[in-house]
Structures are given as structure tokens and as C-alpha cells.
Amino acid sequence: MSNRIPFQKPYASAHDLVSLLQSRGLTIADTAKAERYLEFIGYYRLSAYMYPLLQMPKEQHRYKPNTTFDQVMMLYRFDKKLRLLIFNEIEKIEVAVRSAIVNIGSDMTGNPFWMTDGSNFIDAAKFRHTMDLIDAELHRSREDFIVHFKQTYSNAYPPAWILAEVLPFGVITNIFSNIKTPRIKKSIARKFGLQVAPFESWLTIVTLTRNSCCHHARVWNKQNTIRPMLPNRMTGSWITLPTDTLRIYFDLCIIKYFLNIISPNNDMKAKVDALLSAYPSIDITAMGFPRGWESEPLWQ
């Protein structure tokens, strides 16, 4: 770590940044509009969409011939719409998984309050951490049904089907991963046609992808850091073509798989087609799409 250096780059105004970009070969037809984008979106955020447009070696910060600021904004808008599409589809998965964990857990334990009963979980430290998160959410919540429960019942915590409605999806998945009884976890995973290990792995990918969308992070050509597990067997149709499991296309495949189980007549394929058709210049190979992806069993 001895080769580290102090950060010495000075702040630059939007006007100065436009001049800098022009000096690097980026064509900017409307400099006033570009300045507004840089002011209200931020140079650093937009730089992620500028990077694919740089010549090699990219360290020289020279743009490919005929590259325009409009292309940068096109990538930015495409990524925004892709995030909205993903977030909308993941919501359906969250609701279904939440419901399965609550219903199957409550039925198989015979205990409406199983989520707050430590005897149902393997790791005591993880359970205590989960309880801290639950306490914080209940203290923070102003939902009418939570207020009603507190005013009406003497129980320390609501039953699982009420409690789950105020817990973030990440907490729900942590509860699932800590369940002690294997047959409960197997029953929940089997609801989605998966074994326990790949089900947990895919829930992690769904959660991380959702978080990226919520925090307005770039998703279209980003390489993930966690490689999802591939199931040995599964109920639903899947992909057959070689695919980079760290790219957003594989995330989309995971989302589509869940949706095909939850809602067999879903329209996710049509939404993806419409988005790609609206942005024909997008390099879908950078997203991990293989040639012929449209014909995969998963997407039929």
C-alpha cells in the first residue's frame, strides 16, 4: 500500500468539464444543455456511460471518432429504463417469496410467531442480529396495521404474516437462510422448482440487483462480483447457450425463471424486446446476451 498517492484533482465546474470533454474528442452540439446535465446528474455518474465510448487504451481519455454527448445520454436513459423494468419485475418475485416463506414456515412449524422464536433458527448470533433489525423496523413503522396490533394485542411481536409486511426483503432472505429445519427450507425452495442452495444463491442475486436499481446504480454493462450457483435440476425451462453468469443478462434470466413459476403468462419478454427495440444501438453483448437468446426455452 506504500505506492498510494494523495487525491489532488481539483473541483471543476460544469462549464470547465464540458471544455475538458470537448478537448478529449467528445462532440457536444449543445454545450448549455450538456452543462445542465452535468450539474443535475453529475460528471462522475455520467462518466460510467462515457467510459465505453473511449478509445483504447482508455487511460488516455480519448473518445472514439464521431462520439457525441447525445450517445452518452442515450446510454444513461437506457440504463435508467432497464432499472425500472427490472425493479418492476423483481417486486413480483419479492411478494411471492415473502408469501411462500411466511405461509410454509407458519404451516410447518405450527407457530404464527415462528419468525421471532429463536428455537427455529440455526445461528443464534444471526438470529439476534435479525431481531435487532425487526425491533428497529417495528419501532419505525407507522403502518396502520402495526399500530393496531400494538394497541390491541399483548404479544411482543406480530405473527409472521403481519411482521413480514414491514421487513426489507434482505431481512426476509436472512430469515430463510437461518431456518433450522431442512424440510421447511426444502419446501419453500421447491415452491419455486429449485433446490435450497441455488434458491438461496438466486435470492442473493435478486436482492443485489434490486439494491442496484433502488440506488440508481449502473446495471446495463456492469460485471457482478458474486457468481450465482447453477442448479442441478429445476422445474421450469432454462437457458442452454453459453452465458456469462456475471452479466446482467443472467440476472434477467433468473428474474424470468422466477416469473415463469409465479406467473406463467408474464410479459417480461415483451418488455425486454420493446426496450431493446427502442434503443437499437445498444451493444447487448456487453450485457451478456448471447446470439439467439430470443429462442431459448426460458424466453418462449
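Residues numbered from 1 in each chain as written. Predicted model: local features only at pLDDT ≥ 70, side-chain atom pairs only at ≥ 80, totals over all residues. Heavy atoms only, no water.

## Concerning the packing of aromatic side chains
Using the criterion set out here, one finds 21 aromatic pairs in the structure. When the ring of phenylalanine 149 is compared with that of tyrosine 153, the centres are 5.0 Å apart and the planes differ by 35°; the resulting orientation is tilted. On the basis of relative accessibility, which here comes to 46%, the residue tyrosine 153 falls in the partly exposed class. Chaining the aromatic ring pairs together yields one cluster made of Phe176, Phe192, Phe199, Trp202, Trp238, Phe250, Tyr257 and Phe258. One residue, lysine 58, lies across the ring of tyrosine 51, its end atom 4.9 Å from the ring centre. Lying over the aromatic face of phenylalanine 176, lysine 185 brings its terminal NZ or CZ to 5.3 Å of the ring centre. (Phe/Tyr/Trp six-rings, centres within 6.5 Å; stacked < 30°, edge-to-face > 60°. Buried < 20%, exposed > 50% of the residue type's maximum accessible area, 1.4 Å probe, protein only. Lys NZ or Arg CZ within 6 Å of the ring centre and 35° of its normal.)

## Notes on the nonpolar core
Membership of the largest hydrophobic core comes to 88 residues, with the highest contact counts inside it found for Phe78, Ile86, Met115, Phe199, Trp238, Phe258 and Trp299. The biggest single contributor to this core is helix H4 (residues 69-109), with 18 residues. If near-sequence neighbours (up to four positions away) are discounted, tryptophan 299 is found in contact with Tyr249, Leu252, Cys253, Lys256, Met268, Lys269, Val272, Trp293 and Glu294. (Core = buried A, V, L, I, M, F, W, Y, C linked by side-chain atoms within 4.5 Å. Helix = DSSP H or I, 4+ residues; strand = E, 2+ residues; numbered from the N terminus. Contact = heavy atoms within 4.5 Å.)

## A word on the environment of histidine 215
Mapped onto the elements of the fold, histidine 215 is located in the loop between helix H10 (196-214) and helix H11 (248-262). We classify histidine 215 as exposed; its relative accessible area is 57%. Residues histidine 215 and phenylalanine 199 lie 16 residues apart in sequence; the distance between their C-alpha atoms is 24 Å.

## Quick notes on unusual backbone geometry
Peptide bonds are mostly trans, and most non-glycine residues show a negative phi. The omega torsion of the bond from methionine 56 to proline 57 falls at -10°, within 30 degrees of zero and hence cis. With respect to the helices, strands and loops of the structure, proline 57 is situated in the loop between helix H3 (43-50) and H4. A positive phi angle is found at histidine 61, which is not glycine, with a value near 55°. As for its placement among the helices and strands, histidine 61 is situated in the loop between H3 and H4. Of the residues examined, histidine 61 reaches a relative accessible area of 36% and is grouped as partly exposed.

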